[in-house]
Amino acid sequence: MSSPASVIILFFALAVLAAMSPNTAPQAEAARAFFVFGDSLVDNGNNNYLVTTARADSPPYGIDYPTHRPTGRFSNGLNIADIISEQLGSESTLPYLSTELTGQKLLVGATFASAGIGILNDTGIQFANIIRISQQMEFFKQYQDRVSAMIGPVETKRLVNGALVLIVLGGNDFVNNYFFTPYSARRLQYSLPEFSSFLISEYSKILMRLYELGARRVLVPGTSPLGCVPAELATQSTDGECAEEPQQAAQIFNPQLIQMIKDLNQQLGSDVFVAANSMRMHSNFISNPQSFGFVTSKMACCGQGPYNGIGVCNPTSNLCPNRKLYAFWDPFHPTEKANRIIVQQMITGSSEYMHPMNLSTIMAMDSRN
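Residues numbered from 1 in each chain as written. Predicted model: local features only at pLDDT ≥ 70, side-chain atom pairs only at ≥ 80, totals over all residues. Heavy atoms only, no water.

Caption draft 1: A look at the overall build of the protein. When helices and strands are counted, the protein shows 12 helices and 10 strands. Against the 2.2 N^0.38 benchmark of 21 Å for 369 residues, the protein shows a C-alpha radius of gyration of 22 Å, consistent with a compact globule. Once the C-alpha set of the protein is aligned to its principal axes, its extents read approximately 95 × 50 × 40 Å. When each of the 369 residues of the protein is scored for burial, the buried share is 54%. A separation threshold of at least 6 residues defines the contact pool for the protein, and within that pool the share at least 24 residues apart is 70%. Entry remark: accessible area of the protein is about 16400 Å², with carbon and sulfur atoms responsible for 57%. Between the averaged position of the 24 positive side-chain charges in the protein and that of its 28 negative side-chain charges there is a distance of 5 Å. (Helix = DSSP H or I, 4+ residues; strand = E, 2+ residues; numbered from the N terminus. Rg over C-alpha atoms; globule rule 2.2 N^0.38 Å. Buried < 20%, exposed > 50% of the residue type's maximum accessible area, 1.4 Å probe, protein only. Contact = heavy atoms within 4.5 Å. Areas by Shrake-Rupley, 256 points an atom, 1.4 Å probe, with all protein chains shown as cover. Lys, Arg positive; Asp, Glu negative; His and termini not counted. Charge placed at Lys NZ, Arg CZ, Asp CG, Glu CD.)

What follows is the structure, given as structure tokens:
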């Protein structure tokens, strides 16, 4: 006859075996899912799978990534979405087009972002085959169907509702649309203030579409100081100061974006959308790079021409030996170090940077729910 102790041991062993069984259903509650939408600031490789010129899949991109190889990120290392994933205590999300995005990895989330896109469908047409924001939304629906087949619709809804979402749009609508040529169709159609108002109206529809698809906590950074990036200094500036028109565009657009987010939250009766004042975050290290440990915020680490701001970063470009001393990696994109400064402000920043709350407050609030 078995002793009571042996029965307890047997019961415990069976429980462990059951937990380890390969037939056990995947659990959605392991970690908070993270979904990423937008452009090259957060694309982590989707464009590698597309026939497009908007790609970052050749050296020296990725030189400071853990593998020291290009991944499709427009960075020397990690982008802001990767760094937010670190803060969530999670691995980076995979590109939605990656063949590796299957099984348990789906429960981490996904990145739908595609370099070159904007709020408007005619933004980035010069890049041809890119995943416009409407298609990113369709992929998000498709993603939910795939996850629902794994864990069921109820758990999928809970996973999506409980996720953090990041969406980064707007810069390309100015740089690669309105200002792309001196007489672009949009410039002929709208004054700069009118164009900004049009963008805000269209962006509002995109954010509400995300809400309809289940997003309940959405981080929405504005644009950087567009006139101060090395590409604009090289092509539009005569004295090394920020180019006037693109800078004016950012100064008009960003306050309107914050107001639109306040209005949407009031309409929904909940703080669904969280504005990040990227304009202010970038301006800090652009105006005073030395206080952040940079030697320059004007010259890109990788590029050619004045300020290394002409063309694209490629294997034949000038390359700085120490990326930590540069605020900009290429003519348009920050270095990993600058991205870390930006994300730190998203996490702990005051109302000057984040509205209605910062990311650490969000995580603390949501963990209690």
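Once the structure has been displayed, the description carries forward.
Caption draft 2: Expanded view of the state of the cysteines. Taken as a whole and assessed by the stated rule, the structure comprises 3 disulfides. Across the disulfide from cysteine 301 sits cysteine 320; the S-S distance is 2.1 Å. With the S-S dihedral at roughly -95 degrees, the linkage between cysteine 301 and cysteine 320 falls on the left-handed side. Linking cysteine 301 in the loop between strand 6 (296–300) and strand 7 (302–303) with cysteine 320 in the loop between strand 8 (318–319) and strand 9 (326–328), this pair joins segments that are 19 residues apart in sequence. You'll find cysteine 301 and cysteine 320 in the same group, each marked buried. (Disulfide = S-S within 2.5 Å.)

Caption draft 3: Structural context of helix 7 (residues 192–212). Along its 21 residues, helix 7 runs 30 Å from first to last C-alpha, staying within 8% of the 30 Å computed at 1.5 Å per residue. Taken residue by residue, helix 7 has Leu192, Phe195, Ser196, Leu199, Ile200, Tyr203, Ser204, Ile206, Leu207, Met208 and Leu210 as its buried positions. (Expected span 1.5 Å × (residues − 1).)

Caption draft 4: Main features of the side chain of glutamate 336. Counting through the fold element by element, glutamate 336 comes out in helix 11 (residues 336–348). Given a relative accessible area of 15%, glutamate 336 falls into the buried group. Apart from residues no more than four positions distant in its own chain, glutamate 336 is found in contact with Asp64, Ser75, Asn76, Gly77, Leu78 and Ile83.

Caption draft 5: Here's a closer look at the packing of helix 3 (residues 133–151) against helix 7. Packing of helix 3 against helix 7 leaves a shortest axis separation of 11 Å and a crossing angle of 5 degrees. Relative to helix 7, the element helix 3 is oriented roughly parallel. Along its contact with helix 3, which presents Ile133, Met137, Glu138, Phe140 and Lys141, the element helix 7 presents Ile206, Arg209 and Leu210. When its residues are assigned to classes, the contact of helix 3 with helix 7 shows 5 nonpolar, no polar and 3 charged. (Axes fitted to C-alpha atoms, helices over the stretch in contact; angles between N-to-C directions. Parallel < 35°, antiparallel > 145°, perpendicular 65-115°, else oblique. Nonpolar A, V, L, I, M, F, W, Y, C, P; charged D, E, K, R; others polar.)

Caption draft 6: A look at unusual backbone geometry. Geometrically, the link from proline 59 to proline 60 is a cis peptide bond, its omega value of 5 degrees lying close to zero. As for its position among the elements, proline 60 is in the loop between strand 1 (34–38) and helix 2 (80–87). In the segment running from histidine 355 into proline 356, the intervening peptide bond is cis, with an omega of 5 degrees. Checked against the element boundaries, proline 356 lands in the loop between strand 10 (354–355) and helix 12 (359–368). We note that tyrosine 307 has phi near 60 degrees; this positive angle belongs to a residue other than glycine. Considering the arrangement of structural elements, one finds tyrosine 307 in the loop between strand 7 and strand 8.

Caption draft 7: How the structure looks around the sheet that holds strand 5 (residues 273–276). Taking strand neighbours across the sheet as the criterion, the 6 strands line up as 2-1-3-4-5-10 in an open arrangement whose pairing is mixed. If you trace the sheet from one side to the other, it starts and ends with strand 2 (109–111) and strand 10, each paired once. As paired elements, strand 5 and strand 10 share 2 bridges and run antiparallel to each other. Residue alanine 275 lies in a different strand from strand 10, and its bridge partner there is histidine 355. (Pairing = 2+ DSSP bridges.)

Caption draft 8: Region of the structure containing the side chain of serine 114. With respect to the helices and strands, the residue serine 114 is situated in the loop between strand 2 and helix 3. Within the structure, the side chain of serine 114 is placed 2.5 Å from the side chain of asparagine 47, a separation counted as a polar contact. Apart from residues no more than four positions distant in its own chain, serine 114 is found in contact with Gly38, Asp39, Ser40, Asp43, Asn47, Leu50, Ile130, Ile131 and Gln136. (Polar contact = N/O pair within 3.5 Å; in protein donor to acceptor, adjacent residues only side chain to side chain.)

Caption draft 9: Highlighting the environment of alanine 300. When you line up the elements, alanine 300 lands in strand 6. As for alanine 300 and glycine 171, which are separated by 129 residues in sequence, their C-alpha atoms are 18 Å apart. The residues contacting alanine 300, other than those within four sequence positions of it, are Pro230, Tyr307, Asn308, Tyr326, Phe328, Trp329, Asp330 and Pro331.

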